[in-house]
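Examining the three-dimensional arrangement
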Amino acid sequence: MLMDTPDEMLATHAAQGDRAAFATLVGRHYDRIHGLAWRLTGSQAEAEDLAQDICAALPSKLRNWRGEAKFTTWLYRVVVNAAHDLRRRQATRAKAAQGWGDWEIARQDEIAAQAEAADWLAQAMTRLSPELRDTVALVLGQEMTQAEAGVVLGVSEGTIAWRMSEVKKRLRAMAREGAE
Amino acid sequence: MSDDLDDLRSALQAAPAPDGQAKARAMALAMENFDRLQGTAQAPRSSEDRHQAAPPNGVRRMFHYLTSRPALALTTSAAALLIGVAVILPVADLRIGKPTAVVAPKEAPVARKAGPVAPQDEAVPEPTATDDLALTAEGDASASVALAEPVPEPMAELDAAPPAAPVVGMAETEMRLRSEAPMPDGAMGYVAAPSGLAPEAGSAPAENTEAFANAAPNPVKVTAEEPVSTFSIDVDTASYAVVRSSLTSGILPAPEQVRVEEMVNYFPYAYPAPENGAAFASTVAVMPTPWNPGTRLVTIGIQGALPAVADRPPLNLVFLIDTSGSMDEPNRLPLLKQSLMLMLPELRPEDQVAIVTYAGSAGLVLPPTQAADRAAIVSALDILSAGGATAGAEGLELAYQVAEGMKAEGEVTRILLATDGDFNVGVSDPEGLEAYVAKKRATGTYLSVLGFGRGNLDDAVMQALAQNGNGQAAYIDTLSEARKVLVDQLTGALFPIADDVKIQVEWNPATVAEYRLIGYETRALRREDFNNDRVDAGEIGAGTQVTAIYEVTAPGSEALLNDPLRYGAAPATEAAEGELGYLRLRWKAPGATASTLVETPITGREPATTETRFAAAIAGFGQLLRGSVYLGDWGWDQAIDLALANRGEDPFGYRIEAVNLMRLAKGLSAN
């Protein structure tokens, strides 16, 4: 029965202490959390870490669940913020870490064909500023509308549209360089 | 060229499948935390309960990559290097409970000092810093900050923003307005990542983001070469509480987390009280070293006077509380609230309390209120809730501003900064912040720092702020620790009786060939600083004790580590025959600018007491944790026996707790 219950209702019940609802909710969304975390960090290991940390924090985060947005929107916001947190820590503590750079290391360990695709992705992502990366992770990776992505990132739909056009510009520039 | 977008889309959608075990682990953890939150499980446990084997960390690999391939990093868009400015993360601390890794404090500022990286990249029209702010989906400030971008419908954004915090004072509005202004160039320094240029990249922490302030243990010094030892007293206790929190969660603290003098100074000692109205009394004790029969320990104990509690001046307290998202853990904001509630009954009706919070924006939650109006204070504390970002610097500015307004002649004004250590300075670099605090010190307002939670504790910044702000840094992991810091020692913690207390010992080469100061590595002063009243040092609070221990070796002893010099025979002064050394103390009355000098010879015949022996046991404990090379075969059993034999009265049970921690450490170090 719980399997058919909408996310929002599950979240509300979970926030009120319903254990089964919470378990269903986490089980249903773990893969999504992991996927977005991967898109934001570019590293499987960090995505796992991040997903685990988010799961661990979710019970207390849910206390702030007000049912005002779609659950996935709310959840993505949590994930994006967690990824920002991670980035900031890496920036302050470890100075230069920008998750996607990990691909350079991973690349050497992987089979050539896979590596090539990944390498392109890593290069493309490294080209983009963190906010542009967040934006493409949501719009292209999670297939959200620009309006939804705007809600998650706390900016307007217009800003998202502008950012996507920026992304296109950068990719075009990259393709030009590749052709030269 | 929508091809590119499509490529990017398909590449991004090909996310690797999550690992089944990782998923199971994460879900188990989620359920565990869920149960705990519902109160169905036992009392809140420390977040250190998790010690999963962490997968190899991306950061470390990143460094490997950066150091080997710096060129590629440099081609990365400069804008991409400006990361996470004042962000702002409502999410609860997500890196909690990882095995502790440590950043040597000396290194941290290097990155922070790195000059701004100008966003010169071809097409980067957007102001990255403010844009990052805009990403803080939950913070109330975020929506308005987003205006920095070319946004067609700014009003719509404002509407979409979640409601602001329930209590918004005038000051908060003002602060928020200020935070909307574009940041000055200098603000970028903190976030500009120096990329592959970081020379110390190899020493990057593996897992968590705690940073601890420490230096290499003091070496043995040869008296003939360097007869004078100078340091500032240290009244912090944070290190002991951090050690305790590690041990009780089953992890040996890393050596860098251990500051021996803070462990020793954690305990109250029954030293003789000062007489004749003196601000403090010093007691010297000399005893054989427990861990080395060839040397002696010289313990210098300083006891601050305890003025009659009834005579204490009125107190102005500004609680500066971190309500950022990461404080949303049982052992953080809730513990902090309980701690402050515990303290309220200790205040007198005429004392004043104000509360400033900092998160997405800084705000005055409670304007200065007489302690008599306890209901108002309690209800202000009650409604504090975690969420939003951290803007520590603004909060601090506001707190000093509020404190300034509360000041009156003959009153003591102190800011108590409570944070989980993620003191996100946002608009200025930590060094600037320290300098700011040091400057504010001159206004007579004291600043103490209370640390909460683990995993993110920026011990280095805490230390630096408290040290520069003439206050103490304490780490609060349990309600009983809060009681110790805020209630039992309220007078000491809040009322300074002597400022800038410096200790200088001149050793007599005729009787002491070698000496070693145990601990105080982070408090060393230059010899000439002793007489320079402009050089800052530690404060002693009313009724508190400070202990410093030297291990000294007599000439001719088998325990000497250095060979005597062939041509360096030391002529002893006639007058000082038999003396071990000469103790000089300098201190200032609170608020005074000129110091007073107190001098005492160390004769070597001063008797040891239970108190000094217990201090020695704790010094041994700390050195064992630091892996000291000076202890020989002396180990946990001996430390435990020594501490047990010298427990004394121990009315609060602090000492027996230390013994139990030693037992834990013994078990853990056996593995």
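Residues numbered from 1 in each chain as written. Chains lettered and ligands numbered in written order. Predicted model: local features only at pLDDT ≥ 70, side-chain atom pairs only at ≥ 80, totals over all residues.

Within an unreviewed UniProt entry, the label attached to chain B reads DUF3520 domain-containing protein, and the organism entered is Rhodobacter calidifons.

What follows covers the overall build of chain A. Scanning chain A from N- to C-terminus turns up nine helices and zero strands. Walking chain A from its N terminus toward its C terminus, one meets helices and strands in the order α-α-α-α-α-α-α-α-α. The buried share of chain A, taken over its 180 residues, is 59%. Taking as baseline every contact in chain A between residues at least 6 positions apart, the subset at least 24 positions apart corresponds to 59%. (Helix = DSSP H or I, 4+ residues; strand = E, 2+ residues; numbered from the N terminus. Buried ≥ 20, exposed ≤ 12 C-beta atoms within 10 Å, placed from the backbone. Contact = placed C-beta atoms within 7 Å.)

Summing up its helical and strand segments, chain B has 22 helices and 16 strands in all. Across the 671 residues in chain B, those meeting the buried criterion constitute 54%. Excluding contacts between residues fewer than 6 apart, the proportion of contacts in chain B whose partners are at least 24 apart in sequence is 82%.

All names here are of chain A. Between helix α7 (residues 130–141) and helix α8 (residues 146–153), whose axes approach to 9 Å, the crossing angle comes to 135°. Classed by the angle they form, the pair α7 and α8 counts as oblique. The two elements α7 and α8 cross, and the hand of that crossing is right-handed. When α7 is examined against α8, the residues Asp134, Thr135, Leu138 and Val139 are found in contact with a partner set consisting of Gln146, Ala149, Val152 and Leu153. Per-class residue counts for the contact of α7 with α8 are five nonpolar, two polar and one charged. (Axes fitted to C-alpha atoms, helices over the stretch in contact; angles between N-to-C directions. Parallel < 35°, antiparallel > 145°, perpendicular 65-115°, else oblique. Left-handed = near helix turned anticlockwise from the far one by under 90°. Nonpolar A, V, L, I, M, F, W, Y, C, P; charged D, E, K, R; others polar.)

Taking 1.5 Å as the rise per residue, helix α20 (residues 610–626) of chain B with 17 residues should run 24 Å; its terminal C-alpha atoms sit 24 Å apart, in good agreement. The buried count for α20 of chain B comes to 15 of 17 residues, which makes it a mostly enclosed element. (Expected span 1.5 Å × (residues − 1).)

On to the environment of Leu624 of chain B, then. In this fold, Leu624 of chain B is placed in helix α20. Distance in space between the C-alpha atoms of Leu624 of chain B and Gly635 of chain B is 7.2 Å, their sequence separation being eleven residues.

Residue and element names in this part refer to chain A. Along its 18 residues, helix α3 (residues 44–61) runs 24 Å from first to last C-alpha, staying within 8% of the 26 Å computed at 1.5 Å per residue. Cys55 marks where α3 bends most, by close to 30°; the proline Pro59 follows one to four residues later. Of all the 18 residues making up α3, 16 are buried; the element is thus mostly covered by neighbouring parts of the structure. (Bend = angle between axes of the 7 residues up to and from the residue.)

Negative phi is the rule for most residues except glycine; trans is the rule for most peptide bonds. Residue and element names in this part refer to chain B. If you check the backbone angles, Asp500 has positive phi at about 45° while not being a glycine. Residue position: Asp500 is located in strand β11 (residues 496–507). Assessed through the 22 C-beta atoms surrounding it within 10 Å, Asp500 is described here as buried. Backbone geometry places Asp650, a non-glycine residue, at a positive phi of 50°. Structurally, the position occupied by Asp650 is in the loop between α21 (636–645) and α22 (654–670).

All names here are of chain B. Spatially, five strands are ordered β1-β12-β14-β4-β3 in an open sheet, and the strand pairing comes out antiparallel. Every interior strand has two partners, whereas the edge strands, β1 (221–222) and β3 (280–289), have only one. Of the strand pairs in this sheet, β3 and strand β4 (residues 292–304) are connected by ten bridges, and their pairing is antiparallel. What sits directly across from Pro288, in β4, is Arg296. (Pairing = 2+ DSSP bridges.)

On to the nonpolar core, then. Counting 124 residues, the largest nonpolar core has Val318, Phe319, Leu320, Val356, Ala399 and Ile618 of chain B as its most contacted members. Per-element accounting of this core gives the leading share, nine residues, to α20 of chain B. Taken together, domain 1 (221–307 + 497–560 + 576–670) and domain 2 (309–490) of chain B each give at least three residues to this core, which thus spans both. Counting residues in hydrophobic clusters, the runner-up holds 58 residues, among them Leu36, Cys55, Val78 and Val139 of chain A. (Core = buried A, V, L, I, M, F, W, Y, C linked by C-beta atoms within 7 Å. Domains from an automatic or database assignment.)

Time to look at the pairing of β11 of chain B. Residues and elements named next belong to chain B. Taken across its twelve residues, β11 has twelve buried, putting it largely inside the fold. Where strand β2 (residues 228–232) and β11 come together, five bridges link them in antiparallel fashion. Looking at the pairing, Phe231 lines up with Ile503 of β11. Judged from the three bridges that link them, β11 and strand β13 (residues 538–541) form a sheet pairing that is antiparallel. Paired with Ala498 across the two strands is Ile540, which belongs to β13. Sheet analysis places β11 next to strand β15 (residues 581–588), joined by seven bridges and oriented antiparallel. For Ile503, the partnering residue across the bridge sits in β15 and is Leu585.

Residues and elements named next belong to chain B. Contact geometry for helix α11 (residues 238–248) and α22: axes closest at 10 Å, N-to-C directions at 50°. Considering their axes alone, α11 and α22 lie oblique with respect to each other. You can see that α11 and α22 cross each other, and the crossing is left-handed. Seen from α11, the contacting residues are Arg244, Leu247 and Thr248; seen from α22, they are Leu661, Leu664 and Ala665. In the contact of α11 with α22, the residues fall into four nonpolar, one polar and one charged.

For the rest of this paragraph, the subject is the pairing of strand β14 (residues 545–553) of chain B. All names here are of chain B. Of all nine residues making up β14, nine are buried, and the element is well covered by its neighbours. Across the two faces of β14 the burial is the same, with Gln545, Thr547, Ile549, Glu551 and Thr553 and Val546, Ala548, Tyr550 and Val552 all buried. Note that β4 and β14 share nine bridges and pair antiparallel. If you follow Thr295 over to β14, its bridge partner there is Thr553. Here five bridges tie strand β12 (residues 514–518) to β14, and the two strands are oriented antiparallel to one another. Across the sheet, residue Arg516 finds its bridge partner in β14, namely Glu551.

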